[in-house]
Amino acid sequence: MQIDWFPFWLSLRVASIATLLSLAAGLALAYLFANVEFRGKSLLDALVTLPLVLPPTVLGYYLLVSLGRVSPIGKLYEVLFGGPLVFTWQAAVIASTVHAIPLLIRSIRAALSSVEHSYERAARSLGASEWRVFWRISVPLVRRQVVAATVLAFARSLGDFGATLMLAGDIPHRTQTVSIAIYDAVEGGHTLTARLLVLAVSGLTIAIVYLSNRLEHRRGTV
Amino acid sequence: MSDLQARLTKSFPTSPESAAFALDVEFTASPGVTVLFGASGAGKTLTLDCISGFIRPDSGRLLLDDRILYDASARVHIPPRDRRCGYVFQNYALFPHMTLRENLAFAAEGRPRLDRHRFVNDMLERFHITEFAARYPYEVSGGQKQRCSIARTLVAGPKLLLLDEPARGLDTALREDLYAILRDLRAEYRIPILLVTHDLEECFATGDQLLIYLNGKIAQAGEPRKVLDRPANAEIAGILGYCNIFEAEILALDPTRNTSRLRAFGQELTGTYYPGRFLGDRLQLCAQTSSVRVRSQSGPNRIPAKLLRTSERTLTIRAEFSPNLIVDLTRAAYDQHRDDKTWFLEIPPESLKAC
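Residues numbered from 1 in each chain as written. Chains lettered and ligands numbered in written order. Predicted model: local features only at pLDDT ≥ 70, side-chain atom pairs only at ≥ 80, totals over all residues. Heavy atoms only, no water.

Caption draft 1: Representation of the pattern of salt bridges in the model. Across all of its chains, the model carries 26 salt bridges over all chains by this definition. Ionic pairing is found between Glu 78 of chain A and Arg 69 of chain A, a salt bridge with its closest N-O pair at 2.9 Å. Given a relative accessible area of 23%, Glu 78 of chain A falls into the partly exposed group. Among the ionic pairs, Lys 353 of chain B bridges to Asp 229 of chain B, the shortest N-O distance being 3.4 Å. Pair noted here: Lys 353 of chain B is in strand 21 (residues 353-354) and Asp 229 of chain B is in helix 7 (residues 224-229), with a separation of 124 residues, a long-range link. Under the relative-accessibility criterion, Lys 353 of chain B is labelled buried at 17%. Looking at Asp 229 of chain B, the relative accessible area reads 35%, which means it is partly exposed. Salt bridges sharing common partners tie together Arg 132 and Arg 136 of chain A together with Glu 109 of chain B. (Salt bridge = Lys/Arg side-chain N within 4 Å of Asp/Glu carboxyl O. Buried < 20%, exposed > 50% of the residue type's maximum accessible area, 1.4 Å probe, protein only. Helix = DSSP H or I, 4+ residues; strand = E, 2+ residues; numbered from the N terminus.)

Below, the structure is given as structure tokens:
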């Protein structure tokens, strides 16, 4: 019997892009929270934590409503790229990204707040702007924690089911990610396919967690 | 010539971790070393933090080189990065993820691009850290870290240098090196240098001006030698290490011969002339532990005393007497008198200081 590995590779691609996007968003928001005072800061703080606590299907529903073909963002996307956003693999990327962002933001902010103040103060007294202090001092000092959090965010993106299913659907060879494919395989009685995909995902996840732990443990030495 | 003029207040209400505290200071620092001396928690580091801009004072005004750094009434608060106040932190605060050279290069980024490399090299050379330039801070010794930290601060071209207990954690030899560096800096850079310490020796080894901090206020200011000679009150005398503080009555004053007659410990003593005091006044006198001599017989300015206890010091033996006097003796003097029933403690007139 021919095993279809497409969902596995699609998931890898989706999770990789989603991780990069959420890392960028995580760092940007961490900088924003640390350095800029603006109205609604605590509201935004609560908002970025929401994906962590909402059931994935609820999150997926919100995304579907706000990015769907009748929503302003959905319409804008259609004008710019000539096709709808929802039910494409790009939609899966967005679902995974939103799913992973809170984890990264929380880890990065916690790490940054652990940086000894005197380093940042020293940099400022040497004439460095907040931007330089952030990128040259604060973030490099917590790079291990950031990398470890990124690795976990990757694992979380890889495992997203609910939000991806809501926003990107379950279209074989287009939007069917590995989590959804495993569900379908079990439902359809394709035991071998399910087993192989499960093994592949498990192996990858174990490798990721191992890597993440090793990075965490070395955080003591800068 | 640049001057720092500071007038600052900052108060903190009582919190679960600490009692209420209020800083209220005013001083001018000219090029040279101004020492902020006092006990921990007197507001010395807080003063540095306000000057460097890390903490915003409640009120006051800061002028450096006629440039306003902070003015409460005009709502001016220049951010730390634009103040050009070089800050040498207690823990040195060298960036741990950069080599010593990279630490200096980071500070040099405000300089013209072509200048940077040469300038960093010069500084590494000058502070004898060229050899270690490729190492990370955790790979070098405390003294090297400190030199690097001072060098890094100078690379940024400060108009004012702030040092927070720079000698803490250094052994005696490294302290002397540090004092030598500070003397060089004073001669070479004509900028005010503010040094926080609670080590009295450091005040005299480095200071041009001494500010004595007491509970958030400057209790006395002036040249170190003059302050030591004339502590403004008994509390300051205590901070300055005077252990013998006692009350005396003035029996006679003679300004022309710069002498006075005093009664203390039920005994007549000769002192110096104390300006602004009158006959019959009671005043606080203080004498340093090392200025008191021990004798076997009575005589002028000698107070009979009983030895209560002794304790060892590195070079001397500290002896405590009744009446309440403390004397630092050489080991030879102690051995000579150790069996005396009554000791006679002679305080030379010039060592009896009013406070």
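Caption draft 2: Broad picture of the interface of chain B and chain A. Counting from both sides, the interface comprises 22 residues of chain B and, opposite them, 20 residues of chain A. With both chains or domains summed, chain B and chain A bury close to 1,900 Å², and 64% of this area falls on carbon and sulfur atoms. By the criterion of area lost to chain A, the three top residues of chain B are Arg 81, His 97 and Phe 106 of chain B, representing 33% of everything that side buries. Of the charged contacts in the structure, one is a salt bridge between Glu 109 of chain B and Arg 136 of chain A, with a shortest N-O distance of 3.0 Å. (Contact = heavy atoms within 4.5 Å. Buried area = accessible area lost by both parts, 1.4 Å probe.)

Caption draft 3: Local environment of the environment of Glu 235 of chain B. All names here are of chain B. As for its position among the elements, Glu 235 is in helix 8 (residues 234-239). By relative accessible area, Glu 235 is classed as partly exposed at 48%. Sequence separation between Glu 235 and Thr 330 is 95 residues, and the spatial gap between their C-alpha atoms is 27 Å.

Caption draft 4: Molecular detail of the confidence of the model for chain B. Residues with a pLDDT of 70 or more make up 100% of chain B, whose mean pLDDT is 91. At the low end of the mean pLDDT range in chain B sits helix 6 (residues 200-206) of chain B, at 86; at the high end sits helix 2 (residues 100-108) of chain B, at 96. (pLDDT = per-residue confidence, 0-100.)

Caption draft 5: A look at the packing of helix 5 (residues 89-113) of chain A against helix 8 (residues 143-159) of chain A. All names here are of chain A. Here helix 5 crosses helix 8 at 160°, and the two axes come no closer than 9 Å. Compared by their axis directions, helix 5 and helix 8 come out roughly antiparallel. For the element pair helix 5 and helix 8, the recorded crossing hand is right-handed. Side by side, helix 5 and helix 8 meet where Ser 96, His 99, Ala 100, Leu 103, Leu 104, Ser 107, Ile 108 and Ala 111 of the first sit next to Gln 145, Val 146, Ala 149, Thr 150, Leu 152, Ala 153, Arg 156 and Ser 157 of the second. (Axes fitted to C-alpha atoms, helices over the stretch in contact; angles between N-to-C directions. Parallel < 35°, antiparallel > 145°, perpendicular 65-115°, else oblique. Left-handed = near helix turned anticlockwise from the far one by under 90°.)

Caption draft 6: Up close: the packing of aromatic side chains. By the definition in use, this model includes 16 aromatic pairs over all chains. Seen from their ring centres, Tyr 77 of chain A and Phe 81 of chain A are 4.6 Å apart, and the 35° between their planes marks the pair as tilted. Of the two residues, Tyr 77 of chain A and Phe 81 of chain A both sit in helix 4 (residues 72-81), 4 residues apart, roughly one turn of that helix. Taken together, the ring pairs connect Tyr 31, Trp 131, Phe 134 and Trp 135 of chain A into an aromatic cluster. Directly above the aromatic system of Phe 33 of chain A lies the positively charged group of Arg 109 of chain A, at a separation of 4.3 Å from the ring centroid. The positively charged end of Arg 132 of chain A is found above the aromatic ring belonging to Phe 106 of chain B, 4.4 Å away from the centroid. (Phe/Tyr/Trp six-rings, centres within 6.5 Å; stacked < 30°, edge-to-face > 60°. Lys NZ or Arg CZ within 6 Å of the ring centre and 35° of its normal.)

Caption draft 7: Region of the structure containing the sheet that holds strand 16 (residues 293-295) of chain B. All names here are of chain B. Spatially, 16-20-17-18-19 is the arrangement adopted by the 5 strands of the open sheet, whose pairing is antiparallel. With partners counted over all chains shown, the strands left at the sheet margins are strand 16 and strand 19 (325-329), one partner each. The average angle at which neighbouring strand axes cross in this sheet is 45°, direction not considered. Pairing analysis gives 3 bridges linking strand 16 to strand 20 (residues 343-346), with the strands arranged antiparallel. Paired with Val 294 across the strands is Leu 345, a residue of strand 20. (Pairing = 2+ DSSP bridges.)

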